[in-house]
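# Fold and contact review
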Amino acid sequence: MKKHMKSCLMLAACLWLLCAPALAQTVPGMVQAPAHVNRRFASNTGKTVIEVDANVLVPKAEAAYILPVEIRAFEEEDAQRLALLIDPDAPWQKDAADERTGAYRSTAWFRWLFDRQLDKQTNVTVSNMHLPEGACVSTLLSYEVRWDDKYRTKGTVNYLGREGREIPGEGIAGHALTTRQAADIARDFVRRGTQEPFALFTMSAVSGVIFDDELILSNRHWRGESYKAVFTRQVAGMPVLASYVDLDYYGRKDIFAVPVGYEELSVTLDAQGQVSNFMWYHRYQVADAGDACQLLPFDSILDIAGKILPLKFAGNEREEEQLVRINRIQLGYMPVLQRDSGQAFQLTPVWNFYGLNERDFEEDPHHSEMNEAHLTVNALDGTVIDPAYGY
């Protein structure tokens with residue numbers, strides 16, 4: 001009996017040794033991250049406090065890669081497909097533009113529909129911007145509802161915000177939909193609009209506003225909230241991370257490679273649950289294969305964050321304490337300028353520390369923070385990345 005038990009134990013130990021290296025090479029096995037983390041960091045003066053009370057999101061991917069990525073221009077057919085999705089019975093009207101602005105060439109197609117009963121204009125737009133040699137540096141496919149200049153008298157509410165605030169509980173108070181119902185509507189819209197691999201990244205609340213003037217530049221009257229769903233591309237089992245910061249190229253001399261921007265697809269619903277806005281920025285073309293890479297353990301990443309976050313915000317210190325809350329830490333891909341070439345951006349695994357600076361809300365109660373990363377750390381070597389530069 002003892003001999004048989006000893007044989008079983010030896011067999012189990014051998015199996016564990018065989019499986020352990022394979023487990024360690026999966027993404028969760030490499031980073032060894034907890035599901036939640038609580039930490040508190042402070043600057044040398046104590047006036048800047050970083051409170052980390054965050055869920056740690058790690059994709060269950062088999063491996064992580066460095067993947068070449070480019071921007072792919074939208075075509076007129078993309079606009080037609082979106083237009084038919086919005087209203088399959090309305091005629092397609094094309095208004096094409098091909099312009100040159102300085103060193104850039106932009107192309108666009110528009111579809112205009114005007115509902116005279118509602119004084120409502122619906123736009124589907126494709127816009128691409130190219131460098132003279134042909135490289136595409138910016139793309140946008142969008143749908144939006146624009147109203148006439150009688151905003152105030154008709155009480156027309158427009159829902160705004162590149163990003164929104166976190167939704168407490170099961171949904172927005174007073175809205176016709178729960179968060180789950182709104183997410184299902186947004187998912188269905190995206191599924192019917194593209195076959196490319198997108199998944200829901202965040203659900204947030206965006207503010208409703210009534211404008212006084214046609215140019216919507218002044219006298220905003222805030223009125224309620226509605227839902228905004230942000231989707232990002234899934235690559236090899238990992239999400240491309242949403243970024244509140246734009247990686248712009250225009251007129252900048254401090255970026256010496258053509259960036260690919262941060263791809264994001266968003267769907268905004270109105271108070272009745274209808275899609276009122278759709279935006280798809282910087283469509284990616286990702287290579288089918290790339291180099292597998294080893295990721296640092298999460299403890300090392302958190303140590304780096306503890307040193308860098310207080311330094312980042314210490315420059316904005318005033319008399320009163322500055323409190324920054326980190327509520328979500330997420331591993332995924334973002335385009336990073338490769339140091340060996342200096343001329344190419346590739347999707348690279350990074351950690352984003354999402355959260356909010358409470359001072360922003362003191363200055364603007366409608367401040368958006370849902371996908372604002374206060375720190376981005378390269379998951380391969382621990383270097384800190386500035387999303388405005390991509391390196």
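In this report, the structure presented in the accompanying data block is examined. (Residues numbered from 1 in each chain as written. Predicted model: local features only at pLDDT ≥ 70, side-chain atom pairs only at ≥ 80, totals over all residues. Heavy atoms only, no water.)

## Focus: the overall build of the protein
Rules: Secondary structure elements follow DSSP: runs of H or I no shorter than four residues count as helices, runs of E no shorter than two count as strands, and numbering proceeds from the N terminus. The contact criterion used throughout is that any non-hydrogen atoms of two residues lie within 4.5 Å. Per-residue and other accessible areas were derived by the Shrake-Rupley procedure at a 1.4 Å probe size, with only the shown protein chains allowed to occlude residues.
Looking only at helices and strands, the protein has seven helices and 18 strands in total. Across the protein, every contact between residues at least 6 apart in sequence was considered, and the portion connecting residues at least 24 apart equals 68%. Counting only carbon and sulfur atoms, one obtains 52% of the accessible surface of the protein, whose full area is about 20000 Å².

## Brief notes about the pattern of salt bridges
Oppositely charged side chains may form a pair once their charged atoms are brought near each other. For clarity, the threshold we go by: Salt bridges, as used here, are contacts in which a Lys or Arg side-chain nitrogen is within 4 Å of a carboxyl oxygen on Asp or Glu. Three labels apply to residues, based on accessible area from a 1.4 Å probe with only protein chains included: buried if under 20% of the type maximum, exposed if over 50%, partly exposed otherwise in between.
Scanning all chains against the criterion turns up 12 salt bridges. A salt bridge links R325 to E51, with the shortest nitrogen-to-oxygen separation between them at 3.0 Å. In this pair, R325 sits in strand β16 (residues 322-337) while E51 sits in strand β2 (residues 48-57), placing the two residues 274 residues apart along the sequence. Residue R325 is classed as partly exposed on the basis of its relative accessible area of 32%. E51 sits in the partly exposed class, given a relative accessible area of 26%. For E196, the salt bridge identified is with R283, shortest N-O distance 3.4 Å. Of this pair, E196 sits in the loop between α5 (179-193) and β9 (198-210) while R283 sits in the loop between β13 (275-281) and β14 (284-286); the two residues are 87 residues apart in sequence, bridging distant segments of the chain. Where salt bridges share partners, they join R72, D78, R81, E196, R233, E263 and R283 into one cluster.

## A word on unusual backbone geometry
Although it is not a glycine, A236 adopts a positive phi angle of roughly 50°. Structurally, A236 can be placed in the loop between β10 (221-235) and β11 (238-239). Judged by relative accessible area, A236 falls into the partly exposed class, the value being 43%. Phi is positive for H282, which is not a glycine, with a value near 55°. With respect to the helices and strands, H282 occurs in the loop between β13 and β14. Given a relative accessible area of 13%, H282 falls into the buried group.

## Considerations on the packing of aromatic side chains
Worth spelling out the cut-off: Centre distance within 6.5 Å is the pairing criterion for rings of Phe, Tyr and Trp, where only the six-membered ring of Trp is used; planes under 30 degrees apart are then read as stacked, over 60 as edge-to-face, and the remainder as tilted. A ring has a charge above it when a Lys NZ or an Arg CZ is no more than 6 Å from the ring centre and no more than 35 degrees off the ring normal.
The tally for this structure, following the rule as stated, stands at five aromatic pairs. Seen in terms of ring centroids, F189 and F278 are 5.7 Å apart; in terms of plane orientation they differ by 55°. Their pairing is tilted. Placement of F189 in helix α5 and of F278 in strand β13 is noted, with a sequence separation of 89 residues between them. Per residue, the accessibility class of F189 equals that of F278, and both read buried. Chaining the aromatic ring pairs together yields one cluster made of F74, F198 and W280. The ring of W280 carries the charged tip of R283 above its face, separated from the ring centre by 5.6 Å.

## Concerning the environment of P59
Among the structural elements, P59 can be located in the loop between β2 and β3 (64-71). With a relative accessible area of 10%, P59 lands in the buried category. Distance from P59 to Q330, taken between C-alpha atoms, is 8.7 Å for residues 271 residues apart in sequence. When residues no more than four places from it in sequence are discounted, the contact partners of P59 are V27, P28, G237, M238, P239 and L331.

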